[in-house]
Amino acid sequence: MSATIPLEEVKTLTLNIYRFDPGKDEKAYMQDIEIEVPVNKDLMVLDALLIAKEKDTSLSFRRSCGEGVCGSDGMNINGKNGLACVTPLSEAVKRDKLVLKPMPGLPVVRDLIVDMKQFFDQLEKVKPYLITKDEDPEQERMQSPEEREELDGLYECILCGCCSTACPSFWWNPDKFLGPAALLQSWRFIADSRDQATEERLDDLDDAFSLYRCHGIMNCVSVCPKGLNPTEAISNIRKKLINRKG
Amino acid sequence: MKEEDKRPIYLNLLATDLPIIGVSSILHRISGFALFCIFITSVWMFDRSLSSEGEFLSLVADLNNLLALKTVFYLFLVGFLYHSLLGIKKVLSDFFGIGEELKSGTIISWTYNLIFLLVASFLFVKIFI
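Small disclaimer: the values here were computed from a predicted structure and weren't measured.

### Description of the overall build of chain B
Scanning chain B from terminus to terminus reveals five helices and zero strands. The C-alpha atoms of chain B give a radius of gyration of 20 Å, which is well past the 14 Å a tight globule of 129 residues would have. With the C-alpha coordinates of chain B rotated into their principal frame, the extents come out at 65 × 45 × 30 Å. Residue burial in chain B is summarised as follows: out of 129 residues, 33% are buried. Intrachain contacts of chain B at a sequence separation of at least 6 include 71% that bridge at least 24 residues. Roughly 8500 Å² of accessible area belongs to chain B as shown, and the carbon and sulfur atoms make up 73% of that amount. Positive and negative charge centroids in chain B, built from 10 and 11 side chains respectively, lie 5 Å apart.

### Examining the nonpolar core
Counting 70 residues, the largest nonpolar core has L49, L100 and I237 of chain A as the members making the most contacts within it. The element contributing the most residues to this core is helix 6 (residues 180–190) of chain A, with six residues. Structurally, this core is a two-domain feature, drawing no fewer than three residues from each of domain 1 (10–114) and domain 2 (117–245) of chain A. Setting aside chain neighbours within four positions, we find L49 of chain A in contact with L15, I17, L59, F61, M75, A84, L100 and L112 of chain A. Residues L81, Y82, F116 and L123 of chain B belong to the second largest nonpolar core, which totals eleven residues.

### Thoughts on the interface of chain A and chain B
In this complex, chain A contributes 32 residues to the contact, which on the side of chain B involves 23 residues. For the pair chain A and chain B, the number of links is two salt bridges. Between D115 of chain A and R7 of chain B there is a salt bridge, with its nearest N and O atoms 3.0 Å apart. On inspection of chain A and its partner chain B, the count reaches ten residue pairs in polar contact (both at pLDDT 80 or more). Broken down by secondary-structure element, the contributors of at least two residues to the side of chain A that touches chain B are strand 6 (108–110), helix 5 (168–172), helix 8 (219–223) and helix 9 (230–245) of chain A.

### Re helix 9 of chain A
The end-to-end C-alpha distance of helix 9 of chain A, which contains 16 residues, comes to 23 Å, matching closely the 22 Å that a straight helix rising 1.5 Å per residue would cover. N-capping of helix 9 of chain A is provided by N229 of chain A, with a side-chain oxygen placed 3.2 Å from the backbone N of T231 of chain A.

### Some remarks on the packing of helix 6 of chain A against helix 9 of chain A
All names here are of chain A. Running from N to C, helix 6 and helix 9 cross one another at 55°; their axes reach a closest spacing of 8 Å. Classed by the angle they form, the pair helix 6 and helix 9 counts as oblique. The crossing of helix 6 and helix 9 is left-handed. Only P230, A233, I234, N236, I237 and K240 of helix 9 make contact with helix 6, whose side of the interface consists of P180, L183, L184, S186, W187 and I190.

### Some words on the sheet that holds strand 2 (residues 29–38) of chain A
All names here are of chain A. One open sheet holds the five strands; their spatial order is 2-1-5-3-4, and the pairing between them is mixed. Edge positions in the sheet fall to strand 2 and strand 4 (80–83), since each has one partner strand and no second. Sheet twist, expressed as the mean angle between neighbouring strand axes with direction ignored, is 35°. In this fold helix 1 (residues 45–55) packs onto strand 1 (10–19), strand 2, strand 3 (74–77) and strand 5 (97–101), with an angle of close to 105° to the strand it touches most, strand 2.

### Here we look at the domain arrangement of chain A
Residues and elements named next belong to chain A. Under the domain assignment, chain A is made up of domain 1 (10–114) and domain 2 (117–245). Centre-to-centre separation of domain 1 and domain 2, based on C-alpha positions: 30 Å. Contacts between the two partners involve 13 residues from domain 1 and, on the opposite side, 13 residues from domain 2. Buried surface at the junction of domain 1 and domain 2, both sides included, amounts to about 1000 Å², of which 66% is carbon and sulfur. At the surface where domain 1 touches domain 2, the tally comes to zero salt bridges. Across the contact surface, domain 1 and domain 2 share four residue pairs in polar contact (both at pLDDT 80 or more).

### A short note on the packing of helix 4 (residues 67–96) of chain B against helix 5 (residues 102–128) of chain B
All names here are of chain B. It is at 10 Å that the axes of helix 4 and helix 5 come closest, and there the two elements cross at 160°. With respect to their mutual orientation, helix 4 and helix 5 come out roughly antiparallel. Considering only the axes of helix 4 and helix 5, their crossing is right-handed. Residues L67, K70, T71, F73, Y74, L77, V78, L81, Y82, L85, L86 and K89 of helix 4 lie in contact with helix 5, whose contacting residues are I108, S109, Y112, N113, I115, F116, V119, A120, L123, F124, I127 and F128. Of the residues belonging to the contact of helix 4 with helix 5, the class tally is 19 nonpolar, three polar and two charged.

About the cut-offs
- Residues numbered from 1 in each chain as written.
- Chains lettered and ligands numbered in written order.
- Predicted model: local features only at pLDDT ≥ 70, side-chain atom pairs only at ≥ 80, totals over all residues.
- Heavy atoms only, no water.
- Helix = DSSP H or I, 4+ residues; strand = E, 2+ residues; numbered from the N terminus.
- Rg over C-alpha atoms; globule rule 2.2 N^0.38 Å.
- Buried < 20%, exposed > 50% of the residue type's maximum accessible area, 1.4 Å probe, protein only.
- Contact = heavy atoms within 4.5 Å.
- Areas by Shrake-Rupley, 256 points an atom, 1.4 Å probe, with all protein chains shown as cover.
- Lys, Arg positive; Asp, Glu negative; His and termini not counted.
- Charge placed at Lys NZ, Arg CZ, Asp CG, Glu CD.
- Core = buried A, V, L, I, M, F, W, Y, C linked by side-chain atoms within 4.5 Å.
- Domains from an automatic or database assignment.
- Salt bridge = Lys/Arg side-chain N within 4 Å of Asp/Glu carboxyl O.
- Polar contact = N/O pair within 3.5 Å; in protein donor to acceptor, adjacent residues only side chain to side chain.
- Expected span 1.5 Å × (residues − 1).
- Axes fitted to C-alpha atoms, helices over the stretch in contact; angles between N-to-C directions.
- Parallel < 35°, antiparallel > 145°, perpendicular 65-115°, else oblique.
- Left-handed = near helix turned anticlockwise from the far one by under 90°.
- Pairing = 2+ DSSP bridges.
- Buried area = accessible area lost by both parts, 1.4 Å probe.
- Nonpolar A, V, L, I, M, F, W, Y, C, P; charged D, E, K, R; others polar.

Encoded structure:
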């Protein structure tokens, strides 16, 4: 008696992918790659990309941890930024088609890979580290549980860039408006009870562009794969700036 | 450096999945621009209405009879209405922190868009029908 191994039921999925190879393409174009995915399993978008890469090995995208921690595989999935590794196909696919494009507003290095320099330049401006003026204590700098709680919803940011590259204000002024990711980090250190550079941080943000270009569109909140709220962080900084003037 | 400038940048607002809050914000901009464009006509109408009783009555008659003038007047009203409604939402958000969560912001946006549609429809019926 021979045992039969049940064949996995599969269906065809069309990936419509943004392609650009600086070595041979004058301009970017969209390419359809058909893949087969199991019907009874919900794969992630990254899994679909890996299957597509078996068909076309020139397909390029960033990836690392594969579980929403490193933030490498941020891309535009059917019109909405997200991490490919934690976006299930059941959520992303519309009418058996998956359109994958690079994150908007940043120069494309190749296919789905963008140059994040502009993004990290803006992050650098907010000095995303603790600044202290006192002498270093013998042990760690203490915080009460309540003070620590203030950082919830801020420290979890993985800097994937999904929020800033989904922000129209960042598209128009990527060199002047800091963008939601950098501003969330800014508030993370302003709100930190151990940080001693609040005034300097606020001074750096007190101009027409750095912070005030945010118009509360909330696309950043809508796309954040970690469920964070940069709009609220920006609003908190704005209140702090207004209160110190008043 | 020159080679870098040749790199494409993907950006297509029409293919972007914006939340209703974002769409409303864009419409707020458009309504503001439209108001600015119509402002000159509205100042002319206001000036005409104040110049004499006869001019006032003739303006009222024109508004009743001329479709183009009616349309401009209607666009001014709906533009002003939309711009004001979103302005109230911004004030609520800036001063009281209302609507800063995605869920509450979405509910508020849908609410004032609905109010706008109802009032704009009412004005349409009153002015054109």
